[in-house]
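The residues making up each chain are set out below.
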Protein chains: 2
Amino acid sequence: MNDQGWQSAVSMRDAKGNSQRVTIRHVASAAGVSIATVSNVLNGRTSVAPELVARVRTVMGELGYQRDQVASTLRRRQTSVVGLVLPTLMSPFLAALATRLEGLAHAQGFQLLVGSANEDAEQELSRVQAMLAWRVAGMILAPVDKRFVSQSLIRDQGVKTVIVDRTSDHSDFDSVGVNNLEATLVATRRLIEVGHRRILAVGTSRSIPNMLERITGFETAAAAAGISSSCETLCPGGDLFSIGKALHRRLQQRPLPTAVFALSDVSTLAALQELGDRGLRMPEDVSLLGFDDHEWMQVLRPPISAVRQPTDELARHTWNRMMQRIQGDVSGASRIQLACSLEWRASTAAPPVEVPA
Amino acid sequence: MNDQGWQSAVSMRDAKGNSQRVTIRHVASAAGVSIATVSNVLNGRTSVAPELVARVRTVMGELGYQRDQVASTLRRRQTSVVGLVLPTLMSPFLAALATRLEGLAHAQGFQLLVGSANEDAEQELSRVQAMLAWRVAGMILAPVDKRFVSQSLIRDQGVKTVIVDRTSDHSDFDSVGVNNLEATLVATRRLIEVGHRRILAVGTSRSIPNMLERITGFETAAAAAGISSSCETLCPGGDLFSIGKALHRRLQQRPLPTAVFALSDVSTLAALQELGDRGLRMPEDVSLLGFDDHEWMQVLRPPISAVRQPTDELARHTWNRMMQRIQGDVSGASRIQLACSLEWRASTAAPPVEVPA
DNA sequence: TTGAAAGCGCTAACAT
DNA sequence: ATGTTAGCGCTTTCAA
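What comes next concerns the included structure. The numbering scheme is per chain: residues are counted from 1 as the chain's sequence reads. Naming scheme: in the order in which they are written, chains are lettered from A and ligands are numbered from 1. Residue-level local features of this predicted model are given only where pLDDT is at least 70; pairs of side-chain atoms are given and counted only at 80 or more, and the full residue set underlies all totals for whole chains, interfaces and linings. Computation of side-chain values: all heavy atoms of the structure, hydrogens and water removed.

### As for the relation of the copies chain B and chain A
Part 1 of the reasoning: For the pair chain B and chain A, the best superposition has an RMSD of 0.2 Å and corresponds to a rotation of 180° with a translation of 0.1 Å parallel to the axis. The two molecules are tied by a two-fold rotation axis, judged by turn and shift. Of the C-alpha atoms belonging to chain B, the one lying closest to the rotation axis is found on Leu113(B), 2.3 Å away.
Part 2 of the reasoning: Most of the interface of chain B is mirrored in chain A: 100% of its interface residues are interface residues there too. The copies are overlaid by a least-squares fit using only the C-alpha atoms of residues whose pLDDT is at least 70 in both copies. Throughout, a contact is declared for two residues whenever any of their heavy atoms are within 4.5 Å.

### Considering the interface of chain B and chain A
Part 1 of the reasoning: With 68 residues of chain B at the interface, the matching set in chain A holds 69 residues.
Part 2 of the reasoning: Between chain B and chain A, roughly 6,400 Å² of surface is buried when both sides are summed, and carbon and sulfur atoms account for 57% of that area.
Part 3 of the reasoning: Salt bridge, as used here: a side-chain nitrogen of Lys or Arg that lies within 4 Å of a carboxyl oxygen of Asp or Glu. Linking chain B with chain A are six salt bridges, by the criterion used here.
Part 4 of the reasoning: The salt bridge involving Arg301(A) is made with Asp277(B); its shortest N-O contact spans 2.4 Å.
Part 5 of the reasoning: Under the rule applied, a polar contact is a pair of N or O atoms within 3.5 Å (in protein, one hydrogen donor and one hydrogen acceptor; residues adjacent in sequence only if both atoms are side-chain atoms). Applying the counting rule to chain B against chain A returns 20 residue pairs in polar contact (both at pLDDT 80 or more).
Part 6 of the reasoning: Broken down by secondary-structure element, the contributors of at least two residues to the side of chain B that touches chain A are helix H4 (69–76), helix H5 (92–107), strand E4 (111–116), helix H6 (121–132), helix H7 (151–157), helix H11 (265–277) and helix H12 (295–299) of chain B.
Part 7 of the reasoning: The helix and strand labels rest on DSSP assignments: H or I over at least four residues marks a helix, E over at least two residues marks a strand, and numbering proceeds from the N terminus. Looking at the side of chain B that touches chain A element by element, the count peaks at eight residues for H5(B).
Part 8 of the reasoning: Residue classes follow a fixed rule: Ala, Val, Leu, Ile, Met, Phe, Trp, Tyr, Cys and Pro count as nonpolar, while Asp, Glu, Lys and Arg count as charged, and any other residue, Gly among them, counts as polar. Counted by class, the side of chain B that touches chain A contains 28 nonpolar, 25 polar and 15 charged residues. Note: buried area is the sum, over both parts, of the accessible area (probe 1.4 Å) each one loses when the two are combined.

### Digging into the protein's contact with DNA strand D
Part 1 of the reasoning: Near, as used in this document, describes a residue that has one of its heavy atoms within 4 Å of the molecule or strand being considered. Near DNA strand D lie 29 residues; those nearest to it are Ile24(A), Tyr65(A), Arg75(A), Ala49(B) and Arg77(B).
Part 2 of the reasoning: What you see for DNA strand D is that sugar and phosphate hold 65% of its atoms within 4 Å of the protein.
Part 3 of the reasoning: A distance of 2.8 Å separates a phosphate oxygen of DNA strand D from a polar atom in the backbone of Ser34(B).
Part 4 of the reasoning: In this structure, Ala49(B) approaches DNA strand D through a main-chain N or O atom, which is 2.5 Å from a phosphate oxygen.
Part 5 of the reasoning: Sorting the residues of the surface near DNA strand D by element identifies helix H1 (24–31), helix H2 (35–43) and helix H4 (69–76) of chain A together with helix H2 (35–43) and H4 of chain B as the ones contributing at least two each.

### Thoughts on the protein's contact with DNA strand C
Part 1 of the reasoning: Residues in close proximity to DNA strand C total 28 residues, the closest being Ala49(A), Arg77(A), Ile24(B), Tyr65(B) and Arg75(B).
Part 2 of the reasoning: Close to the protein, within 4 Å, the atoms of DNA strand C belong to sugar or phosphate groups at a rate of 68%.
Part 3 of the reasoning: At a separation of 2.5 Å, a phosphate oxygen of DNA strand C approaches a polar side-chain atom of Tyr65(B).
Part 4 of the reasoning: Taking Asp68(B), its main chain carries an N or O atom lying 3.2 Å from a phosphate oxygen of DNA strand C.
Part 5 of the reasoning: Contributing elements (two or more residues each) for the surface near DNA strand C: H2 and H4 of chain A together with helix H1 (24–31), H2 and H4 of chain B.

### Some remarks on the sheet that holds strand E10 (residues 259–262) of chain B
Residues and elements named next belong to chain B.
Part 1 of the reasoning: The strand order across the open sheet built from six strands is E9-E8-E10-E11-E12-E14, with neighbouring strands paired in mixed fashion. Two strands lie at the open edges of the sheet, namely strand E9 (232–234) and strand E14 (341–343), each paired on one side alone. Within this sheet the neighbouring strands show an average axis-to-axis angle of 20°, counted without direction.
Part 2 of the reasoning: Each axis is a line fitted through C-alpha atoms, and for a helix only the stretch in contact is used; angles between axes span 0 to 180 degrees, taken between their N-to-C directions. The strands touched by helix H9 (residues 209–224) are strand E8 (199–202), E9, E10 and strand E11 (287–291); relative to E9, the strand with the most contacts, the crossing angle is about 165°.
Part 3 of the reasoning: Sheet strands touched by H11: E8, E10 and E11. Its angle to E11, the strand with the most contacts, is close to 160°. Paired strands, in this sense, are two strands between which DSSP finds at least two bridges.

### Regarding unusual backbone geometry
All names here are of chain A.
Part 1 of the reasoning: Residue Pro 255 is bonded to the preceding Arg 254 through a cis peptide linkage, with omega at 0°.
Part 2 of the reasoning: For Pro 255, the position within the fold is in the loop between helix H10 (240–252) and strand E10 (259–262).
Part 3 of the reasoning: The backbone of Arg 135 sits at a positive phi, close to 55°, despite the residue not being glycine.
Part 4 of the reasoning: As for its placement among the helices and strands, Arg 135 is situated in the loop between helix H6 (121–132) and strand E5 (138–141).

### Regarding the pairing of strand E7 (residues 174–178) of chain A
Residues and elements named next belong to chain A.
Part 1 of the reasoning: In terms of burial, E7 is largely enclosed, as five of its five residues are buried.
Part 2 of the reasoning: Across the two faces of E7 the burial is the same, with Asp 174, Val 176 and Val 178 and Ser 175 and Gly 177 all buried.
Part 3 of the reasoning: Across three bridges, the pairing between strand E6 (residues 161–164) and E7 is parallel. For Val 164, the partnering residue across the bridge sits in E7 and is Val 176. Relative accessible area decides the class of each residue, using a 1.4 Å probe on protein chains only: under 20% of the type maximum gives buried, over 50% gives exposed, and in between gives partly exposed.

### Considering the sheet that holds strand E14 (residues 341–343) of chain A
Residue and element names in this part refer to chain A.
Part 1 of the reasoning: Read across the sheet, six strands follow the order E9-E8-E10-E11-E12-E14 without closing on themselves; strand pairing throughout is mixed. Since the sheet does not close on itself, it has two edges, and those belong to strand E9 (232–234) and E14, each with one partner. Sheet twist, expressed as the mean angle between neighbouring strand axes with direction ignored, is 20°.
Part 2 of the reasoning: Sheet analysis places strand E8 (residues 199–202) next to E10, joined by four bridges and oriented parallel. What sits directly across from Leu 200, in E10, is Val 260.
Part 3 of the reasoning: Packing against the sheet, helix H9 (residues 209–224) makes contact with E8, E9, E10 and strand E11 (287–291), and its axis sits at approximately 165° to E9.

### Description of the packing of aromatic side chains
Here a ring pair, both rings aromatic, is described through the centre-centre distance and the interplanar angle of the planes.
All names here are of chain B.
Part 1 of the reasoning: A pair of Phe, Tyr and Trp rings is counted when the ring centres sit within 6.5 Å of each other, with Trp represented by its six-membered ring. The angle between the planes then sorts it: under 30 degrees is stacked, over 60 is edge-to-face, the rest tilted. For the structure shown, the criterion picks out five aromatic pairs over all chains.
Part 2 of the reasoning: Measuring from ring centre to ring centre gives 5.6 Å for Phe 110 and Trp 319, while their planes differ by 75°; the resulting arrangement is edge-to-face. Of this pair, Phe 110 sits in the loop between H5 and E4 while Trp 319 sits in helix H13 (residues 311–326), placing them 209 residues apart in sequence.
Part 3 of the reasoning: You can call Phe 110 buried: its relative accessible area is 11%.
Part 4 of the reasoning: Arranged with centres 6.5 Å apart and planes meeting at 75°, the rings of Phe 218 and Phe 261 form a pair that is edge-to-face. With Phe 218 in helix H9 and Phe 261 in strand E10, the pair connects residues that are 43 residues apart, well separated along the chain.

### Examining the state of the cysteines
Part 1 of the reasoning: Only a pair of cysteine sulfur atoms within 2.5 Å qualifies as a disulfide here. Considering all chains together, one arrives at zero disulfides over all chains under this definition.
Part 2 of the reasoning: You can see Cys231(A) has no disulfide; the closest cysteine sulfur is in Cys235(A), sitting 14 Å from it.
Part 3 of the reasoning: Owing to a relative accessible area of 13%, Cys231(A) belongs among the buried residues under this scheme.
Part 4 of the reasoning: Summary of cysteine pairing: Cys340(B) is not part of a disulfide, and the nearest cysteine sulfur, belonging to Cys235(B), is at 17 Å.

### A closer look at the environment of Leu288(B)
All names here are of chain B.
Part 1 of the reasoning: In this structure, Leu 288 sits in strand E11.
Part 2 of the reasoning: Judged by its relative accessible area of 0%, Leu 288 is buried.
Part 3 of the reasoning: Between the alpha carbons of Leu 288 and Arg 25 there is a distance of 66 Å; along the sequence they are 263 residues apart.
Part 4 of the reasoning: Once residues lying within four places of it in the same chain are set aside, the contact partners of Leu 288 are Val 260, Ala 271, Leu 272, Leu 275, Met 282, Ile 304, Ser 305, Ser 347 and Thr 348.

### Here we look at helix H3 (residues 50–63) of chain A
In an α-helix, one full turn covers 3.6 residues, which means residues spaced three or four apart are oriented alike.
Residue and element names in this part refer to chain A.
Part 1 of the reasoning: Compared with an ideal rise of 1.5 Å per residue, which puts 14 residues at 20 Å, H3 spans 20 Å between its outermost C-alpha atoms and is within 8% of the ideal.
Part 2 of the reasoning: Among all positions of H3, only Leu 52, Val 53, Val 56, Val 59 and Met 60 are buried. Projection of H3 onto a plane perpendicular to its axis shows the buried side chains occupying an angular sector of 135°, all on one side. Set apart from the buried face of H3 by more than 90 degrees, the exposed residues are Pro 50, Glu 51, Gly 61 and Glu 62.
Part 3 of the reasoning: In this structure, the buried side of H3 is in contact with H1 and H2.
Part 4 of the reasoning: Among the residues trailing H3, Gly 64 stands out with phi positive, at a value near 65°. The span expected for a helix works out to 1.5 Å for each residue beyond the first. An arc is given here, and it is the one of the directions from the helix axis to the C-beta atoms.

Spelled out as structure tokens, the structure:
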């Protein structure tokens, strides 16, 4: 790829064919000024004579000069890179969050160093560690679990950090999340309103704070309506397969629930599979309500109801807090909780009329 | 967050409370050696006396020293950061690709600067530009379109680049992709084998090279079987909504196709929606075959058949090529094409028996 | 208003 | 085997 003749006029190569970056020094000598002046033009700091500004700008254009961020960062001791570590990128919710954050960051001249912890605390730690070595301006982190391994590391380094999504209360970090309890509380109430009494909540693992909040919301609503005894919570933990198996076993028993409230996207998938396998129709035989709204839910027939997390707002608040910190805000840790919305679709309806046995 | 008493013993702060990084100099003086020795220990270059190695290592541990990648990069003029620019992160396929790449990169001590072009060529260019200013060791790029705006920029800078997924033939860049033509050829043949004659292919836009290859594969197979006249290709371009509308109109006409081959994931969603709206059962009334295999497809009843792209292998080959380039390989551009697999599930079956009108 | 010069933290010659 | 030193490309006093 080196000697194919497409080398442009503005690229500089040395005798060995290695590309040689255009530095501030090249620009300075070509423009007949000092490197300090070039730097001043670059940063618009001290007042430089307009004609010099023009000349330097022209030369920079001709030479294709671009500031070396590495050198610049080393000298000013502040960088325009922010680290983002997520438990996974394969959740549509987190992928959307990452996309929004990247957009906001880029719009403000920041770059994102992205790491996936693969739902593993050790990997999370090693990602965070590697990013700290880059002297990132800040870290945005959705911790894998509540023990939050990288805590002490981040504190020691005094890196500006915003925790997103998987927030944990006993934290002195800024955090932006969703009011899970409120969300499932409202959603469960709605199910009860339309007539459901036997509701089965399907979660993943109680050790995830978010999940625990969702379960609490569900059980609180059930208790408030006095139907705790006919409601259940299934928390088999693990992946799609193990949730599916647990649900499979439950659906062999009677009576069947009239509504299934899946408390996560993977629970929704499991429920869809098991209800489908049993030939149960939605919403005639059983209603289905999910948590996390994905595109495919809306195109199914019937479309699946879901609690939707406000991705855009989550990203906006997270990035705002990050910028405030970067710009020197040293106020106490803030905790932002946003409300979810309930997307009520055709998969949820009144329960079937009871036929006495 | 600054004066809460949780400051660890290893962090150093100056009088103003700003955290002060531990540098190689601190380590050197604490260990009673020169900074060169510390550097040598860090990089394991020249032979250092074992006892000194041990002492330096201990001190580094005690002080919580971590090498400053920015300074290191500036000096050695090579970095361990690779840029990854994708048209979107919200496609499960690309999210999975990004995850795999990040894993491979991290395992080799590399970090990924990730950018989302949001399907927009201008944004792609501006992402690439920003990354080049960081002197990334290489760029992995899934171009938004075939014009591939950032081409000249990348060439001028001589950055090692691997094009992934959206490869374009007239390219002198390394590329790793999938054999789209072969994939749809095989899949279409299979549909024909089980008896389909009226097959409707639903794509997105012909201006995307991948899509064009898929269409060609489909039409070639149809022509080879002599059923071109009863097959159609729909390419409305745009998003889920506009594909849905186009498909909606087509399904109002007769005769209906006996099989729908959705040539992308968004086409699959549109097809699912429209078939569902029309009350057409799969596979009794019409078979559905998708391109790009997602988790939700397997849990539906019936499970949706799909052409699966080998994400893991794609990532592996891409990263391998990147590493070869970084390690100095200057051979000609390579073009890797991987085979897709056909996940034949219950949504595809023999067509219904024709009832003479 | 412009320029000379001192480093940011690290690596790699080159001395010792 | 260890230390001294000159930068990497840039920003930023401080002088002129």
